[in-house]
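Close look at the chain arrangement
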Amino acid sequence: MENISLAPEIYQAFGLDRNRFVAKRFGHGYINRTYLLQSYHGKTFLPEGEAYILQKINTQVFTDPDAVASNYRLAAGFLKQHHPDYLFVAPLRTVDAKEYCIWNDEYWRLLPYIPHTVALDAATAPEQAYEAARQFGRLTRYLHDAPLHQFQIVIPNFHNLTLRYSQLQEAIRSAREERREYAEELIEGFLDYSSIAIHFEEIKTEKSFPDRIVHHDAKMNNVLLDEKTFKGVCVIDMDTLMPGKIISDLGDMIRTYVSPVSEEERDFSKIEIRTQYFDALIQGYLDELRDLLTPVEKQSLFYAGLFMTYMQGIRFLTDFLNEDVYYPIQYPEHNFYRAKNQFVLLQQLMSRQDELKAIIQKHLHA
Ligand code: GN1
Ligand code: MG
């Protein structure tokens, strides 16, 4: 990765000496732009040198950076008090004690870099799935008694599948003929699974389907694992930490840990349900939350995977029909292929459901 030159004002805002750091693009997030700042000495990087993560917040998506900052503060404060050993990766302050700096109408924030860890795009051993799932389960468990209503809804309706479904319908209506025809078969495929959206409608208002503090982006690469032991170290990317349903986090784990390839894969023959990974992640999540979950939540564990895979698929498809206004693309059909990837995964989850449900039952009663 090549070195990037960032404005000196950004370094100054955080009290960093620009001459001591090299900046490089980092990670694979779609929404915010992330850089790694590494300090160096002469021409060599110090192995234990100071390092930071610098992010430009996408304010088209996160329209209220103060709401995000407020959630970080709330969670960090609560965790510090009740679980002092918990590693919560929160933004570092600017020299004037703000959680971000504004430069040229851009919002920038600095986070500590956690050394000796890795973020994996896909799990390569079931133990990694277990470790990552435990991290997300623990976060929700530790925040169980936090003041839920003080958390801000940073993106309204973020995981409201009903809305995402109607956005797809709207996109189908308004799409250019060419794109609609190109995606016709896939559109039909997703519409045929509308029962997944209807089921969400039915359960979302049930009394014993509580809101909890969930991460809302529980992808594999949002967990840091120890670089040597692959034990879970911490969760990152807390931007969407807010009240929601456990099916969001569990579903994202099923969506991103079970298949050996990510949503970026275009060779769909590589998409596969690895039951050992499914088993491990269910166990990891339940080892933290088993005793807290309500009957409705317990009944929705398999559904979680359908819910998130379906929602992510239709979000990609909607964006394709809308001419790619949300997710960055590298080629014109990129969002179409991402959507199709998720559709293939969804079909596989469906066809293996008896087996997967049996695994869930085993761990629920462990
Ligand atoms: C986006 O930016 P990133 O990669 O952390 C998206 C998630 C999706 C994910 C798909 C705010 O997350 O909802 O699940 O892409 N975040 C937002 O990989 O839309
Ligand atoms: Mg994210």
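Please read these numbers as outputs of a predicted model, since none were measured by experiment.

Conventions used here
Residues numbered from 1 in each chain as written. Chains lettered and ligands numbered in written order. Predicted model: local features only at pLDDT ≥ 70, side-chain atom pairs only at ≥ 80, totals over all residues. Heavy atoms only, no water. Near = heavy atom within 4 Å. Polar contact = N/O pair within 3.5 Å; in protein donor to acceptor, adjacent residues only side chain to side chain. Areas by Shrake-Rupley, 256 points an atom, 1.4 Å probe, with all protein chains shown as cover. Nonpolar A, V, L, I, M, F, W, Y, C, P; charged D, E, K, R; others polar. Domains from an automatic or database assignment. UniProt positions renumbered as here; feature names shortened; annotations may be inferred. Helix = DSSP H or I, 4+ residues; strand = E, 2+ residues; numbered from the N terminus. Buried < 20%, exposed > 50% of the residue type's maximum accessible area, 1.4 Å probe, protein only. Pairing = 2+ DSSP bridges. Salt bridge = Lys/Arg side-chain N within 4 Å of Asp/Glu carboxyl O. Axes fitted to C-alpha atoms, helices over the stretch in contact; angles between N-to-C directions. Left-handed = near helix turned anticlockwise from the far one by under 90°. Contact = heavy atoms within 4.5 Å. Expected span 1.5 Å × (residues − 1). Phe/Tyr/Trp six-rings, centres within 6.5 Å; stacked < 30°, edge-to-face > 60°. Lys NZ or Arg CZ within 6 Å of the ring centre and 35° of its normal.

1. Considering the site of ligand 1
- Taken together, 16 residues are adjacent to ligand 1, and Asp217, Lys219, Glu263, Gln312 and Tyr326 come closest.
- Within the backbone of Ile31, an N or O atom sits 2.9 Å from an oxygen atom of ligand 1.
- Its free accessible area being 450 Å², ligand 1 has 96% of it covered by the protein chains.
- When the residues that make up the shell around ligand 1 are grouped by side-chain class, the tally is eight nonpolar, two polar and six charged.
- Counting only domains with at least three residues in the shell around ligand 1, you end up with domain 1 (8-114) and domain 2 (126-364).

2. Re the UniProt feature "coiled-coil region" (unreviewed entry) in the protein
- UniProt marks residues 158-188 with the feature "coiled-coil region" (unreviewed entry), using the numbering shown here.
- Its end C-alpha atoms 24 Å apart, residues 158-188 is made of 81% helix and 0% strand.

3. As for the side chain of Ser39
- Looking at where Ser39 falls in the secondary structure, it is placed in strand S3 (residues 33-41).
- Overall, Ser39 belongs to the buried group, its relative accessible area being 4%.
- Reaching out from Ser39, the side chain makes a polar contact with the backbone oxygen of Glu50 at a distance of 3.0 Å.

4. Quick look at the sheet that holds strand S8 (residues 117-118)
- Pairing in this open sheet of three strands is antiparallel, and the strands run S8-S10-S11 from one edge to the other. The open sheet is flanked by S8 and strand S11 (232-235), the only strands paired with a single partner.
- Across three bridges, the pairing between strand S10 (residues 223-226) and S11 is antiparallel. Following the sheet pairing, Leu225 is matched in S11 by Gly232.

5. Remarks on the pattern of salt bridges
- The tally for this structure, following the rule as stated, stands at 24 salt bridges.
- A salt bridge links Glu99 to Arg73; the nearest nitrogen and oxygen atoms lie 2.7 Å apart. Linking Glu99 in the loop between helix H2 (65-82) and strand S6 (101-103) with Arg73 in helix H2, this pair joins segments that are 26 residues apart in sequence.
- By relative accessible area, which is 42% here, Arg73 ends up partly exposed.
- Put simply, Arg134, Arg138, Arg141 and Glu288 are held in one network by salt bridges that share partners.

6. A few points about the packing of helix H6 (residues 184-192) against helix H11 (residues 301-321)
- It is at 11 Å that the axes of H6 and H11 come closest, and there the two elements cross at 145°. Relative to H11, the crossing made by H6 is left-handed. Facing H6, whose interface residues are Leu186, Ile187, Phe190 and Leu191, H11 presents Tyr310, Gly313, Ile314, Leu317 and Leu321.
- Counted by class, the contact of H6 with H11 contains eight nonpolar, one polar and no charged residues.

7. Observations concerning the pairing of strand S7 (residues 106-112)
- Pairing between strand S5 (residues 51-57) and S7: six bridges, direction antiparallel. Following the sheet pairing, Ile53 is matched in S7 by Leu111.
- Looking at chain direction, S6 and S7 are connected through three bridges and run antiparallel. Bridging from a neighbouring strand, Cys101 pairs with Trp108 of S7.
- In this antiparallel pair of consecutive strands, S6 and S7, the connection spans two residues, and Asn104 shows a positive phi of 55°.

8. A short note on helix H4 (residues 161-174)
- An ideal rise of 1.5 Å per residue puts 20 Å on 14 residues; H4 measures up with 20 Å between its terminal C-alpha atoms.
- If you follow the buried residues of H4, they end up packed against helix H5 (177-182), H6, helix H7 (195-204) and H11.
- At the N-terminal boundary of H4, the capping side chain belongs to Asn160, with an oxygen 3.1 Å from the backbone nitrogen of Thr162.

9. Observations regarding the environment of His199
- If you trace the backbone, His199 turns up in helix H7.
- Note on His199: relative accessible area 29%, which makes it partly exposed.
- In the structure, His199 is positioned 113 residues away from Gln312 in sequence and 16 Å away in space, judged by C-alpha atoms.

10. Focus: the packing of aromatic side chains
- Inspection of the entire model under this criterion finds 21 aromatic pairs.
- Look at Tyr100 and Tyr107: their rings are 5.2 Å apart centre to centre, the planes differ by 45°, and that puts the pair in the tilted class.
- Judged by relative accessible area, Tyr107 falls into the partly exposed class, the value being 21%.
- Their ring planes at 55° and their centres at 5.7 Å tell us that Phe190 and Tyr310 sit as a pair that is tilted. Taken as a pair, Phe190 in helix H6 and Tyr310 in helix H11 lie far apart in primary sequence, 120 residues in all.
- We classify Phe190 as buried; its relative accessible area is 0%.
- When its relative accessible area of 0% is taken as the criterion, Tyr310 is described as buried.
- Pairwise contacts between aromatic rings join Tyr182, Phe268, Phe320, Tyr331, Phe336 and Tyr337 into one cluster.
- Geometry around Tyr337 places Arg266 over its ring, the cationic atom sitting 3.9 Å from the centre.
- The ring of Tyr277 carries Arg274 above its face, with NZ or CZ at 3.5 Å from the centroid.

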